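Coordinate inspection notes
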Amino acid sequence: MKLKSILIAATAFAVGSTAALAEDMTIVSWGGAYSSSQNNAYHKPYMAANPGVNIINDESSAEAVAKLRAMNEAGNVTWDVVDVVASDAIRLCDEGLAEEIDPAKDLAAAPDGTSAADDFGDLLVSDCFIPQIVYSTTFGYRTDKVGDSPPSDICAIFDTAKYPGKRALEKRPINNVEWALICDGVAKDDIYDVLETPEGVDRALAKLGTIKDDVVWWSSGSETPQLLADGEVVMGSTYNGRLFALIEEDKQPVAMLWDAQVFDLDGWIIPTGLSPERLAAAKKYIMFATDTQRLADQAKYISYGPARKSSAPLVGKHAELGIDMAPHMPTDPNNAKNTFLYNYEWWADNRDDLDAKFQAWLAK
Amino acid sequence: MTDQTHAQTVLTTQDGVPLKVSISRALRRQKLRSVLLVAPLFLFILISFVLPIADMLFRSVENPLVPGTLPNTVVALQVWDENSGEMPPEEVFAALAADLKVAVAAKTHTRVGSRLNYENPGIASLFRKTGRRVKRFEEGDYTAQFLKADKKWGDVGVWQTIKQFSSPMTAGYFLAAADAQRTADGVQFKPEDERIYLFLFGRTLILSVTITITCILLGYPIAFLLSSLPLRSSNLLMILVLLPFWTSLLVRTSAWKVLLQQQGVINDTLVWLGIVGDDSRLALINNQTGTIIAMTHILLPFMILPLFSVMKTISPTYMRAAKSMGASDWYAFWRVYFPQTIPGIGAGSILVFILSIGYYITPELVGGTSGIFISNRIAYHISFSLNWGLAAALGVMLLVVVMVLYWLYDRIVGIDNVKLG
């Protein structure tokens, strides 16, 4: 009898203490250098300030949309906060899989009192999306294979006479068709009007067709750095952070071609279907992790620009390399002479249709 | 008297129960026990395998979103003739306004938008945009208010799409999976530059057959060697066959990248030997060649293992007998040994073919554009476009193709003629 009551007491204590000690929170992100930058800038300080929270990292962002839908249908959402690109956030919001966020209530104001809505500005592209970073898709080229005249213009990718060798492009239409039209003489402001018509799509594909045999198509952002390092391609598109790591950390003979870089956003969403306690905990984390200082801190570990205007002046040096990070940001004025922002609305409507055409074109 | 004769003719057990009843009871108990023993596995397969697949396949015809979210509009649209080329009447707009107000409150209007956007690009933003406005709509003249919210509501094509997908079941996904669409003149193929799925089905089949054949050509001699060597050395060889089998698929695929790329080991060696020039390095990866090489390597053990286990059971005395009666080596092999290995070839081929027809990750990594399979498109629709209905329809078609081929195989070779050992 005595033993039994001791056992019960011990079990109750164990259950009670685990509940009180560690409140698990699963945060989903992309893995690699990106996750470790978040771990250093957000997770560690958050856990230090909130000893009751235990953050579990999951590296499933690449399949987040499909997995969230499956979890939602099964009625068992195991993720608390998810890192996705803006276009996926829009899709999740449309499908009712992400919570709507009220910037005034759920996000911290800037230190000088500017409201979060103004601080993020136009980057709040969806009601469910809290932006973290601005990244860009841009080109890197082998400095040892371009002779005395390194490319400075996006149209160098179509100039196989001057820059012979293979190019790495992403295996989807986004960005590629825009670059093709720019180099086919379409003004930047008219690109989507042209793409809206079947002739415009044909025109873009025809331009891409001029280099089709010289392209290695990638589907994961890590492929281009590898292809550049191996000398398989002379130039290739990928995310600027990957190129930064290749150039500054791996010291490869590669340089950036910032011209016509495409800005895109990455940030958080909170899945729908969480219990009120978990939702509150997720919102508390978001409030902390997207404040001005935290966003600036992340740029110490990876070369992506913070999404808040108020964070930009706080960007310092790289935590390990000790180099100034500001010139490596895609948003730096020197790099951002000619840019465009991913047109979310247009691509949300036309992505599937254009992708089908693009894949059919690729297969032929 | 009758009781007595009855008792004599019917055999009973010691406690007076007729033997027949007692036996059937015992048998029933036995049967029940075996059913209970199988039940956990049966339930496991049913719950974790059959039901989810059935559910997934059912999505290829299901279309609950449109009639569920826009019930009044669907009813109002019934009177409208979609081929008239005219706009629907005011009642339809009024019904849509009522439906959208409910849907916006429940935040389901954007889901209908995404669903219809698969069929008619632009509807997603149309619903998103109109959803923001519809709360402020006033009573009366809904047509004008919708047109003011977005002029795209004046496009008859939008209404045709809504009407086309207003029933709870749809053949739309299957049409899309067969590169077809419904037009005013009935079902027609899509324009040439948008057709992709049938082409990919064809390529998947051709490449899978090629991979199966190369697996037979490479696997047969190895299995023969394995089965004819003494146990010690054959065990060592067997480990060499199995070692890659235990290595991660991604590691093996990445290793092929290092070997096959243009600045890779094989090309470097060939250039160094002077067999190919530095400017004409072979393209061995990011094309069909890459897919065939990498997948043959990955699937080879599935060919070797059944072949080996069948060859192991063939007694060497048959060959000796044939030779002692004057057959040449080749004749004895071809007429005596080879026919006995056919069940192994059959089993290996089915395994390799069916595995390769559904392969996804290797073609994605080494196939470039000319070496990708239909499963890569299925994966795209599952994880990126979220068009699960189309993915399910493509999956059903793939399943049907495999079943037809299996049936053909059974008719031609006979499924009893397959042995795994």
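Computed from a predicted model, the values in this text were never measured in an experiment.

Thresholds, definitions, all that
- Residues numbered from 1 in each chain as written.
- Chains lettered and ligands numbered in written order.
- Predicted model: local features only at pLDDT ≥ 70, side-chain atom pairs only at ≥ 80, totals over all residues.
- Heavy atoms only, no water.
- Helix = DSSP H or I, 4+ residues; strand = E, 2+ residues; numbered from the N terminus.
- Rg over C-alpha atoms; globule rule 2.2 N^0.38 Å.
- Buried < 20%, exposed > 50% of the residue type's maximum accessible area, 1.4 Å probe, protein only.
- Contact = heavy atoms within 4.5 Å.
- Areas by Shrake-Rupley, 256 points an atom, 1.4 Å probe, with all protein chains shown as cover.
- Lys, Arg positive; Asp, Glu negative; His and termini not counted.
- Charge placed at Lys NZ, Arg CZ, Asp CG, Glu CD.
- Patch = residues over 30% accessible without salt bridge, like charges linked within 9 Å, V, L, I, M, F, W, Y side chains within 5 Å.
- Salt bridge = Lys/Arg side-chain N within 4 Å of Asp/Glu carboxyl O.
- Domains from an automatic or database assignment.
- Pairing = 2+ DSSP bridges.
- Polar contact = N/O pair within 3.5 Å; in protein donor to acceptor, adjacent residues only side chain to side chain.
- Nonpolar A, V, L, I, M, F, W, Y, C, P; charged D, E, K, R; others polar.
- Expected span 1.5 Å × (residues − 1).
- Bend = angle between axes of the 7 residues up to and from the residue.
- Axes fitted to C-alpha atoms, helices over the stretch in contact; angles between N-to-C directions.
- Parallel < 35°, antiparallel > 145°, perpendicular 65-115°, else oblique.
- Disulfide = S-S within 2.5 Å.
- Buried area = accessible area lost by both parts, 1.4 Å probe.
- pLDDT = per-residue confidence, 0-100.
- Phe/Tyr/Trp six-rings, centres within 6.5 Å; stacked < 30°, edge-to-face > 60°.
- Lys NZ or Arg CZ within 6 Å of the ring centre and 35° of its normal.

**Let's talk about the overall build of chain B**
- Within chain B one finds 20 helices and two strands.
- For 421 residues, the compact-globule estimate of 2.2 N^0.38 gives 22 Å, and chain B exceeds it by more than 25% at 32 Å.
- Buried positions account for 42% of the 421 residues belonging to chain B.
- When contacts within chain B are restricted to residue pairs at least 6 apart in sequence, those whose partners lie at least 24 apart make up 67%.
- Approximately 22900 Å² of chain B is accessible, and the part contributed by carbon and sulfur atoms is 66%.
- Taking the average place of the 36 positive charges on the side chains of chain B and the average place of its 28 negative ones, the gap between the two points comes to 13 Å.

**Brief notes about a nonpolar patch on the surface**
Residues and elements named next belong to chain B.
- A cluster of nonpolar residues, Ile-342, Val-400, Val-404, Leu-405, Trp-407, Leu-408, Ile-412 and Val-413, forms a patch on the protein surface that exposes about 680 Å² of accessible area.
- Residue contributions to the nonpolar patch peak at six residues, all from helix α20 (residues 388-412).
- Positionally, Leu-408 belongs in helix α20.
- Taking the relative accessible area as the measure of exposure, Leu-408 reaches 34% and is therefore partly exposed.

**With respect to the domain arrangement of chain B**
- For chain B, the assigned domains are domain 1 (27-58), domain 2 (65-170) and domain 3 (197-417).
- One C-alpha centre belongs to domain 1 of chain B, the other to domain 3 of chain B, and the line joining them spans 33 Å.

**Here's the deal with a positive patch on the surface**
- Where like charges cluster on the molecular surface, the positive patch consists of B:Arg25, B:Arg28, B:Arg29, B:Lys31 and B:Arg33.
- Mapped onto the elements of the fold, B:Arg28 is located in helix α2 (residues 19-58).

**Some words on the pairing of strand β7 (residues 235-239) of chain A**
Residue and element names in this part refer to chain A.
- In terms of residue burial, β7 counts as a mostly covered element, since four of its five residues are buried.
- With five bridges joining them, strand β4 (residues 130-142) and β7 adopt antiparallel strand pairing. Counted as the bridge partner of Gly-140 is Gly-236 from β7.
- As paired elements, strand β5 (residues 167-170) and β7 share two bridges and run parallel to each other. Note on β7: the bridge partner recorded for Ala-168 is Gly-236.

**Quick notes on the interface of chain B and chain A**
- Each partner contributes residues to the interface: chain B has 38 residues there, and chain A has 38 residues.
- At the junction of chain B with chain A, the criterion picks out six salt bridges.
- At the boundary of chain B with chain A, the tally comes to 17 residue pairs in polar contact (both at pLDDT 80 or more).
- Within the residue set of the side of chain B that touches chain A, elements represented by two or more residues are α6 (109-117), α7 (123-134), α11 (197-228) and α19 (374-383) of chain B.
- In terms of residue class, the side of chain B that touches chain A is built from 11 nonpolar, 14 polar and 13 charged.

**Considering α2(B)**
- Between its first and last C-alpha, α2(B) extends only 50 Å over 40 residues, short of the 58 Å set by a 1.5 Å rise per residue.
- The principal kink in α2(B), of about 40 degrees, is found at B:Ala39, preceding the proline B:Pro40 by one to four residues.

**Details of helix α4 (residues 86-94) of chain A**
- Counting buried positions over the nine residues of α4(A) gives nine, a clear majority of the element.
- For α4(A), every residue scored as buried is listed here: A:Ala86, A:Ser87, A:Asp88, A:Ala89, A:Ile90, A:Arg91, A:Leu92, A:Cys93 and A:Asp94.
- Check the buried side of α4(A) and you find it contacts α3 (64-74), β3 (81-85), β8 (254-269) and α14 (344-363) of chain A together with α6 and α7 of chain B.
- Positive backbone phi, approximately 75 degrees, marks A:Gly96, located one or two places after α4(A).

**Quick word on the packing of helix α5 (residues 90-106) of chain B against α7(B)**
All names here are of chain B.
- Contact pair α5 / α7: the axes reach a minimum separation of 9 Å and the direction vectors enclose 90 degrees. Compared by their axis directions, α5 and α7 come out roughly perpendicular. Mapping the contact onto sequence places Ala-97, Leu-100, Lys-101 and Val-104 in α5 and Phe-127, Thr-130, Gly-131 and Val-134 in α7.
- Looking at side-chain class alone, the contact of α5 with α7 contains five nonpolar, two polar and one charged residues.

**Remarks on the packing of helix α13 (residues 249-260) of chain B against helix α14 (residues 265-273) of chain B**
All names here are of chain B.
- Orientation of α13 relative to α14, taken along the N-to-C sense of each, is 20 degrees, at an axis distance of 4 Å. The angle between α13 and α14 places the two elements in the roughly parallel class. Judged by residue contacts, Val-258, Leu-259 and Leu-260 of α13 engage Val-265, Ile-266 and Asn-267 from α14.

**Thoughts on a negative patch on the surface**
- Taken together, the side chains of A:Asp189, A:Asp190, A:Asp193 and A:Glu196 define an acidic patch exposed on the protein surface.
- The residue A:Asp190 is located in the loop between α7 (176-183) and α8 (191-195) in this model.

**As for the state of the cysteines**
All names here are of chain A.
- Under the counting rule described, the total for this entry stands at two disulfides over all chains.
- A sulfur-sulfur separation of 1.9 Å characterises the disulfide bridge that pairs Cys-93 with Cys-128. Disulfide Cys-93-Cys-128: the torsion about the S-S bond is 60 degrees, which places it as right-handed. Taken as a pair, Cys-93 in helix α4 and Cys-128 in the loop between α6 (116-120) and β4 lie far apart in primary sequence, 35 residues in all. Comparing Cys-93 with Cys-128, the two get one shared label, buried.
- When the cysteines of chain A that form disulfides are numbered from the N-terminus onward, they connect as 1-2, 3-4.

**A look at the domain arrangement of chain A**
Residue and element names in this part refer to chain A.
- Split by domain assignment, chain A resolves into domain 1 (2-134 + 265-328) and domain 2 (135-264 + 336-363).
- Its C-alpha centre places domain 1 at a distance of 30 Å from the equivalent point of domain 2.
- Taken as a group, Arg-91, Tyr-304 and His-328 account for 30% of the area that domain 1 buries against domain 2, more than any other trio of residues on that side.
- Salt-bridge contacts for Asp-88 lead to Arg-351; the nearest nitrogen and oxygen are separated by 3.8 Å.
- At the level of secondary structure, the elements contributing two or more residues to the side of domain 1 that touches domain 2 comprise α4, β4 and β8.
- With five residues, α4 is the largest single contributor of residues to the side of domain 1 that touches domain 2.
- Residue composition of the side of domain 1 that touches domain 2, by class: 11 nonpolar, four polar and three charged.

**Brief notes about the confidence of the model for chain B**
- Residues at a pLDDT of 70 or more form 97% of chain B, whose mean pLDDT is 89.
- Element-level pLDDT for chain B is lowest in helix α1 (residues 2-9) of chain B, with a mean of 54, against a maximum mean of 95 in α11(B).

**Thoughts on the packing of aromatic side chains**
- Here the structure, examined in full by the defined rule, presents 32 aromatic pairs over all chains.
- Relative to B:Trp159, the ring of B:Trp153 has its centre 5.5 Å away and its plane inclined at 45 degrees; by these criteria the two rings are tilted.
- The exposure class of B:Trp153 is buried, given its relative accessible area of 0%.
- On the basis of relative accessible area, B:Trp159 is assigned to the buried category, the value being 0%.
- Positioned above the aromatic ring of A:Phe158 is the side chain of A:Lys207, whose terminal nitrogen or guanidinium carbon lies 5.1 Å from the ring centre.
- Taking the ring centre of A:Trp361 as reference, the NZ or CZ of A:Lys212 above it sits at 4.5 Å.

**Section: unusual backbone geometry**
Residue and element names in this part refer to chain A.
- The phi dihedral of Asn-175 falls on the positive side, at around 75 degrees, and the residue is not glycine.
- As for its placement among the helices and strands, Asn-175 is situated in the loop between β5 and α7.
- According to the relative accessible area criterion, Asn-175 is buried, its value standing at 4%.
- Positive phi, normally seen in glycine, also occurs at Ala-260, with a value near 55 degrees.
- Within the secondary structure, Ala-260 sits in strand β8.
- The exposure class assigned to Ala-260 is buried, which follows from its relative accessible area of 0%.

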